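# Inside the fold
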Amino acid sequence: MEKIKITILTFCILLCCACDSNKVEEIKRFATDFAAAVQSGDKSRITKMYPGTADVDEFASDFKMDSIQINEDNMTGGHKVSLGNGIWLVVTGKDKESFKIVSSHGLFSFPKEQMSFAQETGWIKKDMDDQEMLKAFSDTTFYDFLFDKTAEQLKKNVTTEVNWEKSDIKCMVDEPSTIVAQVTNKGSHAIRGEDYKVIISCEMFGANEAKGKDIAPKQTIFLSTRFPAEGAGRQIYKAALKFNINEASRCEVVSRYYEVKGGEYEEFLKTK
């Protein structure tokens with residue numbers, strides 16, 4: 001009788017192993033099909049296999065299907081499928097008809113600069129899955145929070161003043177004076193010429209605009225304009241910067257010029 005019990009138990013174990021093995025193979029085929037859909041750009045098929053990805057613009061496709069690994073996922077009761085290069089996805093469902101992907105990591109492709117910025121500010125944490133990252137990036141009010149800080153940094157980092165040595169001031173002649181302003185970028189980001197201009201002014205002749213030029217970090221450039229020659233009284237010339245950043249989107253301005261200190265997202269959350 002004891003031998004019969006052992007035989008039945010052994011048979012059940014072998015049956016379970018066979019069932020698990022079959023399911024793992026089905027999941028592997030499902031994952032392979034999904035990878036093929038991603039690589040071919042079949043959006044409708046991708047969305048069907050991975051609901052909730054309709055708003056995802058790009059997917060990573062550097063899979064290593066020859067080294068695919070499948071393990072049980074205790075959190076979901078499904079299976080975690082590793083596709084190499086740090087990419088994984090979790091598949092739930094009883095069979096190939098009901099399989100679906102419920103979470104992933106490294107599968108959604110975000111711009112490298114955006115990801116680097118997000119990690120440095122604490123907006124994105126490395127242990128987040130793709131869905132958590134997508135949700136975080138959808139909250140663009142963080143850019144609104146950083147926009148004012150960016151404007152403050154620009155005013156501090158980019159300065160201008162009249163350079164008297166390079167200026168050529170004429171007096172009591174028909175030839176105009178040339179007034180030169182020096183613009184210095186003390187920040188760590190290059191400044192685009194299209195994003196600012198210099199207003200050079202004096203009390204008698206009003207103000208002239210000098211179009212901005214690109215300035216590399218830690219660089220000083222010179223911009224000039226002309227005014228009529230002075231008469232008997234000496235004029236006082238002034239130079240002031242005017243940024244055109246309001247003409248660009250807040251996201252662009254922040255991404256282009258904000259100098260990350262760290263902990264910005266945590267600071268932002270305290271204001272909500």
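In what follows, the structure referred to is the one given above.
The model shown is predicted, which means the values in this text are computed figures rather than measured ones.

Basis of the calculations
- Residues numbered from 1 in each chain as written.
- Predicted model: local features only at pLDDT ≥ 70, side-chain atom pairs only at ≥ 80, totals over all residues.
- Heavy atoms only, no water.
- Helix = DSSP H or I, 4+ residues; strand = E, 2+ residues; numbered from the N terminus.
- Rg over C-alpha atoms; globule rule 2.2 N^0.38 Å.
- Buried < 20%, exposed > 50% of the residue type's maximum accessible area, 1.4 Å probe, protein only.
- Contact = heavy atoms within 4.5 Å.
- Areas by Shrake-Rupley, 256 points an atom, 1.4 Å probe, with all protein chains shown as cover.
- Lys, Arg positive; Asp, Glu negative; His and termini not counted.
- Charge placed at Lys NZ, Arg CZ, Asp CG, Glu CD.
- Pairing = 2+ DSSP bridges.
- Axes fitted to C-alpha atoms, helices over the stretch in contact; angles between N-to-C directions.
- Arc of directions from axis to C-beta.
- Core = buried A, V, L, I, M, F, W, Y, C linked by side-chain atoms within 4.5 Å.
- Disulfide = S-S within 2.5 Å.
- Parallel < 35°, antiparallel > 145°, perpendicular 65-115°, else oblique.
- Left-handed = near helix turned anticlockwise from the far one by under 90°.
- Nonpolar A, V, L, I, M, F, W, Y, C, P; charged D, E, K, R; others polar.

All right, on to the overall build of the protein chain then. Check the secondary structure of the protein chain and you find seven helices and 10 strands. Radius of gyration (C-alpha) of the protein chain: 31 Å, far over the 19 Å computed for a compact globule of 272 residues. Expressed as lengths along the three principal axes of its C-alpha atoms, the size of the protein chain is roughly 125 × 40 × 25 Å. Looking at the protein chain as a whole, 39% of its 272 residues are labelled buried. A fraction of 60% describes how many contacts in the protein chain between residues 6 or more apart in sequence connect residues 24 or more apart. Carbon and sulfur atoms form 50% of the exposed surface of the protein chain, whose accessible area is close to 16,600 Å². Each charge class in the protein chain can be summarised by its mean position, and for the 37 positive and 42 negative side chains these summaries are 1 Å apart.

Across the sheet, three strands lie side by side as β5-β6-β9; this open sheet has antiparallel pairing. Each having just a single partner strand, β5 (158-162) and β9 (220-227) make up the two edges of the open sheet. The mean angle between the axes of side-by-side strands here comes to 25°, regardless of whether they run parallel or antiparallel. In this sheet, strand β6 (residues 177-185) lies alongside β5 in antiparallel orientation, the contact comprising five bridges. Each bridged residue has a counterpart across the sheet, and for T160 the counterpart in β6 is V183. Taken strand by strand, helix α5 (residues 141-157) contacts β5 and β6, and its axis lies near 40° from that of β5.

In spatial order, the strands read β8-β7-β10; together these three strands make up an open sheet with antiparallel pairing. Since the sheet does not close on itself, it has two edges, and those belong to β8 (206-211) and β10 (237-243), each with one partner. Within this sheet the neighbouring strands show an average axis-to-axis angle of 25°, counted without direction. Taken together, the seven bridges between strand β7 (residues 196-202) and β10 define a ladder with antiparallel strand orientation. Across the sheet, V198 pairs through a bridge with L241, a residue of β10.

Listing the buried residues of helix α3 (residues 112-121) in full gives M115, F117, A118 and T121. All buried residues of α3 project into a common sector of 165° when viewed along the axis, lining one side. Among the exposed residues of α3, those oriented more than 90 degrees off its buried face are K112 and E113. Buried residues in α3 make contact with α4 (130-138), α5, α6 (250-257) and α7 (264-269). Backbone geometry just after α3 places G122 at a positive phi near 85°.

So, about the side chain of K170. Relative to the helices and strands, K170 is located in the loop between β5 and β6. Those residues within four positions of K170 in sequence are excluded, and the remaining contacts are E175, P176, S177, A229 and E230.

Moving on, we get to the nonpolar core. F34, V81, W123, Y196 and V198 are the most contacted members of the largest nonpolar core, which totals 67 residues. If we skip the residues at most four places from it in the chain, F34 touches I46, M49, Y50, L89, I101 and L107.

Now for the pairing of strand β1 (residues 69-73). One ladder, built from five bridges, connects β1 with strand β2 (residues 78-84); its direction is antiparallel. Bridge pairing in β2 links I70 to V81. Counting the residues in the hairpin turn of β1 and β2 gives four residues, including G77, whose phi is positive at 80°.

To continue, consider the state of the cysteines. Summed over the entire model, instances satisfying the criterion amount to zero disulfides. Free cysteine C171: the closest other cysteine sulfur is in C202, separated by 13 Å. Relative accessible area serves as the criterion here: at 7%, C202 is assigned to the buried category.

With that settled, the discussion passes to the packing of α5 against α6. For the pair α5 and α6, interaxial distance at closest approach is 9 Å and the crossing angle is 50°. It follows from the interaxial angle that α5 and α6 lie oblique. Here α5 runs over α6; the crossing is left-handed. Across the interface between the two elements, Y143, D144, L146, F147, T150, Q153 and L154 of α5 pack against R250, C251, V253, V254, S255 and Y257 of α6. Taken together, the residues that form the contact of α5 with α6 break down as eight nonpolar, three polar and two charged.

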